[in-house]
Structure formats: structure tokens, C-alpha cells
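# Residue-level structural notes
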Amino acid sequence: MSRLHPQRSGSGRAQRVTTLRAHLDAARRPVVFTGAGVSTESGIPDFRSPGGLWTRYRPIPFDEFLSSEEARRETWRRKFALDAAIGTVEPNAGHHAIARLVARSDGTVVTQNIDGLHAAAGVPPERLVELHGNGTYAACLDCGQREELVEVRARFEDDSPAPRCLACGGLLKPATISFGQPMPAAAMRRAEAAAISCDLFLVAGSSLQVYPAAGFPQLAQRRGARLVIVNREPTPLDDLADLVLHAEIGSALAAAVG
Ligand code: NAD
Ligand code: ZN
């Protein structure tokens, strides 16, 4: 398998996009693995951006959410404040290119993002694995019942009790995975199966520093897949990859997918 690494090969940006395009055209079962970087062009900051949207508060671990009414109320106060700060978001050129790639091949999107933008770009549920859940709705921790955020918001005020499930009275939580909360078993199994059986593993917009998710590229490569990384900054797996593009995702993927 040919290796084309920007630092080692010195090849130009246009040549690397052409090579990426050839890899994507040849792929029969691609996996696109995305992180926060695929959504920055939609106006959602990633972890590293200035402003520190995500670092302003100490994260509330899952066991605190379970044990403390105040932690639950604080979770909901922050959730609504963060959603208001970010505002309405739409999929960008990167999400749309990924959706086209998946639609024309037997592909799967595995995402660490919780913003729902791959689904909004048209990736169907059976081709989408959301490893860290989805922040666009709430779910009951006891019965799994889904509730829409507008409805939860309508009955929650800053000084009122934390919202409870309308069906069973259980604890209602944004449908995302908190620190200390077990990774969703079904999503992990699906991501692993996709990584094992893919022929191309494309990382887009992830710093590849969060495990267990960051183990998937290495698993895919051990099982014979080509590994391609498109990210603005270097990642710890760049040296393993068959092709690395340090580029903006929207323009690079729009050019490579066509
Ligand atoms: P990260 O913030 O650690 O890394 C994002 C990477 O994307 C960085 O290396 C950055 O250089 C790169 N990047 C940013 N914008 C880019 C662009 N336009 N083009 C190319 N590269 C770009 O994010 P991560 O690896 O996803 O891990 C952080 C965790 O944060 C994840 O678990 C995720 O659940 C969560 N998170 C999610 C969202 C979201 O849902 N949109 C936003 C922030 C954090
Ligand atoms: Zn319930």
C-alpha cells in the first residue's frame, strides 16, 4: 500500500486531494470517523478553540448526576445555556460530502459528535453510529423514553426540580454520554464491526486523543483497511496513516468526494 505523508513525501496539497479522491472512489465499505472538527464550520466550537465554551465549567460526572438533585439541575441549566449560546446549526459542506460518500457506497459514519448534524445531512440511522449519544433530545435513564428538548425546557426553570420522565418518573438526562457513564454497548459493537470490515477508514476532524474511540483507526488498519486522516492539526496517529491531509474538512472533502 502506498504511503503519502505530507512531511515525508513533500507532495503538494492538490496531489494529496487527488490521491484521497482515488482512495474514496476505490472504497467499497468506507468508515468515516468524525470528531468535533467536522462541525466547527457549522459554528460549533471544538474543545481547543479559543473561548473555552467547553472548559468554562468542571464536567459533572455521571455518578454525581445520579446522586445529586443539584447536579441534575445544574446539568439542565448548562445544557440550555450552551444550546442558546451556540444557536441554530446546520450541516456544512463536510457533513454533506460525507453523506454523499456513504450514500453511494456501503459506508458507515462513526461519530464522537453529539450535535446530530450527520443525520441532518441525510445519513440514515442504520449507517450512523453516535458513540457519545445525541444532545438534540433527552432520554429517561430508567425506561429509555425519548423526550424533545423544547418540551423538557417548557417545564424546567432554574429554581425548579430537575425534569423527570413523563412515562415512568425516572431521571431525564440529555441523551449524551457523560464522564464516568458507560459507553453505549450497542453503539460500541456497531463501531467495532464497521472498523473490522471496512476497506477504508477515514478520520475527519478528530484529535484522536479520546479513548476508546481513538482505538478504532488502529483496529481498522490491523484488519487491512487503508487509514486516511484529514485534520487541521497533526494527530498522534499521523505516522501510521497511509495518507494525511492537514486541511479544512469542508473544502477537502467536497473536492475529494465530488
Ligand atoms: P477535539 O476538539 O479534541 O479535536 C478536534 C480536531 O479537529 C482538532 O485536532 C482540530 O485541529 C480539528 N479541526 C477543527 N476544525 C477543523 C476544520 N474545520 N477542518 C479540519 N480540522 C479541524 O475533538 P474530538 O476529537 O471530537 O474529541 C473531543 C470530544 O468532544 C468528543 O468526544 C466529542 O464528543 C466532544 N465534542 C463534540 C462536539 C460536537 O458534537 N460538535 C463539539 C465539541 C466536543
Ligand atoms: Zn422513563
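Below you will find a few notes about this structure.

The next point concerns the overall build of the protein. From N to C terminus, the protein includes ten helices and nine strands. For 258 residues, the compact-globule estimate of 2.2 N^0.38 gives 18 Å, and the C-alpha radius of gyration of the protein, at 19 Å, lies within 12% of that figure. Along the longest, intermediate and shortest principal axes, the C-alpha atoms of the protein span 60 × 35 × 30 Å. Sorting the 258 residues of the protein into buried and exposed places 49% on the buried side. Long-range pairs, those at least 24 residues apart, make up 68% of the contacts in the protein between residues at least 6 apart in sequence. Carbon together with sulfur atoms contributes 53% to the accessible area of the protein, which is approximately 12,100 Å² in total. Placing the 29 positive and 28 negative side-chain charges of the protein at their respective mean positions leaves the two points 6 Å apart.

Turning next to the sheet that holds strand E8 (residues 226-230). Reading across from one edge, E3-E2-E1-E7-E8-E9 is the order of the six strands in this open sheet, with parallel pairing throughout. Both outer strands of the open sheet, strand E3 (128-130) and strand E9 (243-245), are each paired with one neighbouring strand and no more. Adjacent strand axes in the sheet meet at a mean angle of 15° when their direction is disregarded. One ladder, built from three bridges, connects E8 with E9; its direction is parallel. The residue of E9 that forms the bridge with Val228 is Leu243.

In the first shell of the zinc ion (ligand 2), the protein supplies Cys140 (SG), Cys143 (SG), Cys165 (SG) and Cys168 (SG), at 2.3 to 2.4 Å from the metal. One can describe the site at the zinc ion (ligand 2) as tetrahedral: its four donor atoms subtend angles covering 100 to 115° at the metal. Look at Cys143 and you get partly exposed, because its relative accessible area is 42%.

With that settled, the discussion passes to the packing of aromatic side chains. If you walk through the whole model with that rule in mind, you get four aromatic pairs. Of the aromatic side chains, those joined through ring pairs into one cluster are Phe33, Phe201 and Phe216. Residue placement shows Lys173 over the ring face of Phe65; its charged tip is 5.9 Å from the ring centre.

When the terminal C-alpha atoms of helix H5 (residues 93-104) are compared, their 17 Å separation across twelve residues agrees well with the 16 Å that a helix rising 1.5 Å per residue should span. Listing the buried residues of H5 in full gives Gly94, His95, Ala97, Ile98, Ala99, Leu101 and Val102. Taken together, the buried residues of H5 touch helix H2 (13-26), strand E1 (30-34), strand E2 (108-111), helix H6 (117-120) and helix H10 (249-257). Where H5 begins, the side chain of Asn92 points an oxygen toward the backbone nitrogen of Gly94, at a separation of 2.7 Å.

Our focus in this paragraph is the sheet that holds strand E6 (residues 172-176). Read across the open sheet, the three strands follow the order E5-E4-E6; overall the sheet is antiparallel. Sheet topology places strand E5 (146-148) and E6 at the edges, where each strand pairs with a single neighbour. Direction aside, the axes of adjacent strands within the sheet are offset by 45° on average.

To continue, consider the site of ligand 1. In the vicinity of ligand 1 there are 27 residues, among which Ala36, Gln112, Asp115, His132 and Ser207 approach most closely. The contact in question runs from an oxygen atom of ligand 1 to an N or O atom on the side chain of Ser206, over 2.9 Å. Its free accessible area being 860 Å², ligand 1 has 96% of it covered by the protein chains.

A few words now on the packing of H5 against H10. Where H5 meets H10, the closest approach of the two axes is 7 Å, and the angle between their N-to-C directions is 30°. It follows from the interaxial angle that H5 and H10 lie roughly parallel. The two elements H5 and H10 cross, and the hand of that crossing is left-handed. Judged by residue contacts, Ala93, Gly94, Ala97, Ile98, Arg100, Leu101 and Arg104 of H5 engage Ile249, Gly250, Leu253, Ala254 and Val257 from H10.

Turning next to the side chain of His118. Summarising the element assignment, His118 is placed in helix H6. His118 sits in the buried class, given a relative accessible area of 3%. Residues contacting His118, with those up to four places away along its chain left out, are Thr34, Val38, His95, Ile98, Val109, Thr111, Val123 and Leu128.

Rules and cut-offs
Residues numbered from 1 in each chain as written. Chains lettered and ligands numbered in written order. Predicted model: local features only at pLDDT ≥ 70, side-chain atom pairs only at ≥ 80, totals over all residues. Heavy atoms only, no water. Helix = DSSP H or I, 4+ residues; strand = E, 2+ residues; numbered from the N terminus. Rg over C-alpha atoms; globule rule 2.2 N^0.38 Å. Buried < 20%, exposed > 50% of the residue type's maximum accessible area, 1.4 Å probe, protein only. Contact = heavy atoms within 4.5 Å. Areas by Shrake-Rupley, 256 points an atom, 1.4 Å probe, with all protein chains shown as cover. Lys, Arg positive; Asp, Glu negative; His and termini not counted. Charge placed at Lys NZ, Arg CZ, Asp CG, Glu CD. Pairing = 2+ DSSP bridges. Axes fitted to C-alpha atoms, helices over the stretch in contact; angles between N-to-C directions. Donors = N, O, S within 2.8 Å, 3.2 Å for Na, K, Ca; no water. Tetrahedral: all angles 85-135°; square planar, octahedral: opposite > 155°, others 65-115°. Phe/Tyr/Trp six-rings, centres within 6.5 Å; stacked < 30°, edge-to-face > 60°. Lys NZ or Arg CZ within 6 Å of the ring centre and 35° of its normal. Expected span 1.5 Å × (residues − 1). Polar contact = N/O pair within 3.5 Å; in protein donor to acceptor, adjacent residues only side chain to side chain. Near = heavy atom within 4 Å. Parallel < 35°, antiparallel > 145°, perpendicular 65-115°, else oblique. Left-handed = near helix turned anticlockwise from the far one by under 90°.

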